[in-house]
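# Survey of secondary and tertiary structure
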Amino acid sequence: MSTRTDVKGNQEIKGSEAEEVIKDKGDDEGNDDKEAEDVDNEGNANEDTEGNADLIDTEVDQESVDEDNEGSQNVKKNKKNLVPLFDPKAQYTWKLCNTRSKHNYIPCIDMEITSKRFRSHRHRERICPKSSVMCLVPLPQDGYGDPVHWPDSKTKILYKNVAHSKLAAYIKTQDWLIESGEYLTFPQDQSVFKGGTQHYLESIEEMAPDIEWGKNIHVVLDMGCKDSSFVSTLLEKDVFAVTLGLKDDLVDLAQVALERGFPALVSPFATRRLPFPSGVFDAIHCSECGISWHQNDGKLIIEMNRILRPGGYFILSTKRSSLEAEEALSKLTSSICWNILADKTDEVSDIDVKIYQKPQENQIYQLRRKKTPPICKENENPDAAWHTPIKTCLHKIPEAIEQRGTEWPAEWPKRLHTFPEWMNDREKLVADSEHWKAIVSKSYLIGMGIDWSSIRNVMDMKAINGGFAAALSDQKVWVMNVVPVHAPDTLPILFERGLAGVYHDWCESFGSYPRSYDLLHADHLFSRLKNRCKQAIVIVVEMDRLLRPGGWAIIRDKVEILNPIEDILRSLHWEIRMTFAQDKEGILCARKTMWRP
């Protein structure tokens, strides 16, 4: 990459606008070396020590992991000589992946191992291939078409983009999605909720008047993935609801949700914690999500308790439950001191709805006759969430004013620009928001030739404080904010602002389907890796998997890193639409094509 602006068929970024794009040189996180030395990654370390260690085959450089886990005390002692992230002499040739999951391949979830030992873990545990995934996921069998743009995608999508045999069989049994010519359509008067989703949400507010959708309730986790009507209706009420798709061998409804433009994530949920911090969701919803909450010593409900905000709500709706399951759930929720606000069968929807509330103080735990589950030890980190086993204990609820979680966030949209006392250096957070607002408005929206009417699903691959996502809040997009496990843990800040995201190690595959996103944003992601991954090129291959044909990538980094990335993208037949460099820092904007080898 030379020091130039190279725009193919697009507007050039000129003068102050170009300088605004790269002028910070990554300083929004501080000095490169200082970050490597100061990060204490205790919250996101690979801590799987309860019988699952043999299932982890991560592509992580162990010496780098050791540096992260030890924190700032010994990093300088262990620091090794860094080599270039990309081999400057490498020649790239590509082949298609040949896997059981074919065009829907998710490497760390779709296990290709067929031995009896691992067969039961397929789709139930996150197990990555031992070898780096260097193949390209093929397009669907009947090809891939330009996705239907938002908001039309709420009511119809191209069927061939998500088609597979088990989905076809599922469609025949449902009335909320209909095959209509080349489209899958979603009639607005049909829903898994009899009487409609609007009535269902209103009935919840009537049962628990403190629940005000779009005001005090803004960030919601929807367990399981059905017809997406719950998420869709909440979006109209200014609620950001993320669906957690529990992938199985039946139907891939989370993929359908993503194609429609709804926030969704795919993750196993059996023995390990979900990739979220503690105490961040305003509400969690489960409607016929197929989870047996009372089994396995109630581990899964204890995990819900961990990620639920103090005073947050757990909404469970079922059409049928056995008496045994009802009694077991009642005993379990009482043991963790959840207050049941409502237990009622809605006459219209014919659904039994239970609404629980998590306690807001620790005193109630001491009043229990049986101290089971016990209180977690002081050194148990509630935010440890990456490859971490679910703990069968309750973390203490924050009580000091300087602690996160003692106060409910401001109502939306004020929440986006409110920085509570527990956030350190609030002036820096405000400045960071203004910084990204300027970059997005002056450059990303007008200077790169991106048709933002075609952009809906966006990922920030190295989110920091949510400035990029906040700057896009007026656009008709949603942003999945990813905080890498080797970076400072800023994910709680994003949730507090009303945004949402996950922890992730980019040396592994992300928990989503191929062709999920319209735009990927990577701000100094590669230069911060510090040789954590055995092959940094796997991240570029993963970007190719996640991005839709016609989708965009904006990469900001050091020129010495952008140069080989540009070569790799050209070998993938991506269109390099813009490059700009100044003072060893640069930006690259590229567009993925339909090409497959």
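Everything below is about the structure printed above this text.
The sections below set out a description of the structure shown in this document. Only a predicted model underlies this, so the values are computations on that prediction, with no experimental measurement involved. (Residues numbered from 1 in each chain as written. Predicted model: local features only at pLDDT ≥ 70, side-chain atom pairs only at ≥ 80, totals over all residues. Heavy atoms only, no water.)

## A few points about the pattern of salt bridges
The line we're drawing: Each reported salt bridge corresponds to a side-chain nitrogen of Lys or Arg within 4 Å of a carboxyl oxygen of Asp or Glu. Secondary structure elements are taken from DSSP: a helix is a run of H or I of four residues or more, a strand is a run of E of two residues or more, and numbering for both begins at the N terminus. Note on exposure labels: buried denotes an accessible area under 20% of the residue type's maximum, exposed denotes more than 50%, and partly exposed covers the range between, all computed with a 1.4 Å probe on protein chains only.
As enumerated under the stated definition, the model contains 20 salt bridges in all. One salt bridge in this structure joins Arg-545 and Glu-542, with 2.8 Å as the shortest N-O distance. One end of the pair, Arg-545, and the other, Glu-542, are both in helix H16 (residues 537-546), 3 residues apart, so they sit about a helical turn from each other. On the basis of relative accessible area, Arg-545 is assigned to the buried category, the value being 5%. By relative accessible area, Glu-542 is classed as buried at 6%. Residue Arg-577 pairs with Glu-575 through a salt bridge whose shortest N-O separation is 3.1 Å. Assessed through its relative accessible area of 13%, Arg-577 is described here as buried. Overall, Glu-575 belongs to the partly exposed group, its relative accessible area being 36%. Residues joined by salt bridges that share partners form a network here, namely Asp-282, Arg-309, Arg-415 and Glu-496.

## A look at the state of the cysteines
Rule in force here: By disulfide we mean two sulfur atoms from cysteines, separated by a distance within 2.5 Å.
Scanning the model with the defined rule gives 5 disulfides in all. Disulfide pairing is shown between Cys-108 and Cys-128; the S-S distance is 2.0 Å. Judged by the torsion about the S-S bond (105°), the Cys-108/Cys-128 disulfide is right-handed. Placement of the pair is Cys-108 in the loop between helix H4 (75-78) and helix H5 (116-119) and Cys-128 in the loop between H5 and strand E1 (156-158), with a sequence separation of 20 residues. Overall, the relative accessible area of 2% leaves Cys-108 in the buried class. The buried category is assigned to Cys-128, whose relative accessible area is 6%. Across a sulfur-sulfur distance of 2.0 Å, Cys-286 and Cys-289 are joined as a disulfide pair. The sign of the -80° torsion about the S-S bond sets the Cys-286-Cys-289 disulfide as left-handed.

## Here we look at the packing of aromatic side chains
Going by this rule: Working definition: rings of Phe, Tyr and Trp (its six-membered ring) pair if their centres are within 6.5 Å, and the pair is stacked with planes under 30 degrees apart, edge-to-face with planes over 60 apart, and tilted otherwise. Both a distance and an angle decide whether a charge sits over a ring: NZ of Lys or CZ of Arg must be within 6 Å of the ring centre and within 35 degrees of the ring normal.
Applying the stated criterion across every chain, the model contains 20 aromatic pairs. On the basis of an interplanar angle of 40° and a centroid distance of 5.2 Å, the ring pair of Phe-314 and Trp-338 is categorised as tilted. Separated by 24 residues along the polypeptide, Phe-314 in strand E8 (residues 308-318) and Trp-338 in the loop between helix H11 (323-335) and strand E9 (339-346) bring together distant segments of the chain. Its relative accessible area of 6% is what places Trp-338 among the buried residues. Through a chain of ring-to-ring contacts, three or more aromatic side chains come together here, namely Phe-269, Trp-293, Phe-314, Trp-338 and Tyr-356. The lysine or arginine in question, Lys-156, covers the ring of Tyr-183, its NZ or CZ lying 4.4 Å from the ring centre. In this structure, Arg-456 is placed above the aromatic ring of Trp-150, and the distance from its NZ or CZ to the ring centre is 3.5 Å.

## A look at the packing of helix H7 (residues 197-207) against helix H8 (residues 229-236)
What counts here: Axis definition: a line fitted to C-alpha atoms, over the contacting stretch in the case of helices. Angles run 0 to 180 degrees between N-to-C directions. These descriptions rest on fixed angle ranges, namely under 35 degrees for roughly parallel, over 145 for roughly antiparallel, 65 to 115 for roughly perpendicular, and the rest for oblique. Note on contacts: a residue pair qualifies if any of its non-hydrogen atoms lie within 4.5 Å across the two residues. Gly is placed with the polar residues, together with every amino acid not listed as nonpolar (Ala, Val, Leu, Ile, Met, Phe, Trp, Tyr, Cys and Pro) or charged (Asp, Glu, Lys and Arg).
In contact at an axis separation of 9 Å, H7 and H8 are set at 70° when each is read in the N-to-C sense. When the axis of H7 is compared with that of H8, the two are roughly perpendicular. For the pair H7 and H8, contact is made by Thr-197, Gln-198, Tyr-200 and Leu-201 and by Ser-229, Phe-230, Thr-233 and Leu-234, respectively. In the contact of H7 with H8, the residues fall into 4 nonpolar, 4 polar and no charged.

## Considering helix H10 (residues 299-307)
Burial analysis of H10 places 9 of its 9 residues in the buried class, which makes it a mostly covered element. Taken together, the buried positions of H10 are Lys-299, Leu-300, Ile-301, Ile-302, Glu-303, Met-304, Asn-305, Arg-306 and Ile-307. Turning to H10, the residues buried within the fold contact strand E4 (219-223), strand E7 (281-287), E8, H11 and helix H12 (363-366).

## Points about unusual backbone geometry
For the bond running from Trp-150 to Pro-151, omega is 5°, close enough to zero to count as cis. The topology assignment puts Pro-151 in the loop between H5 and E1. Cis rather than trans, the peptide bond between Thr-372 and Pro-373 has omega equal to 0°. Mapped onto the fold, Pro-373 is located in the loop between H12 and helix H13 (426-444). One non-glycine residue, Ser-228, adopts positive backbone phi at about 65°. Residue position: Ser-228 is located in the loop between E4 and H8. Using a relative accessible area of 8% as the deciding quantity, one classes Ser-228 as buried. With a phi angle near 60°, Arg-515 is a residue other than glycine that sits in the positive phi range. Relative to the assigned elements, Arg-515 resides in the loop between strand E13 (501-504) and strand E14 (517-523). Residue class for Arg-515 comes out buried when judged on its relative accessible area of 5%.

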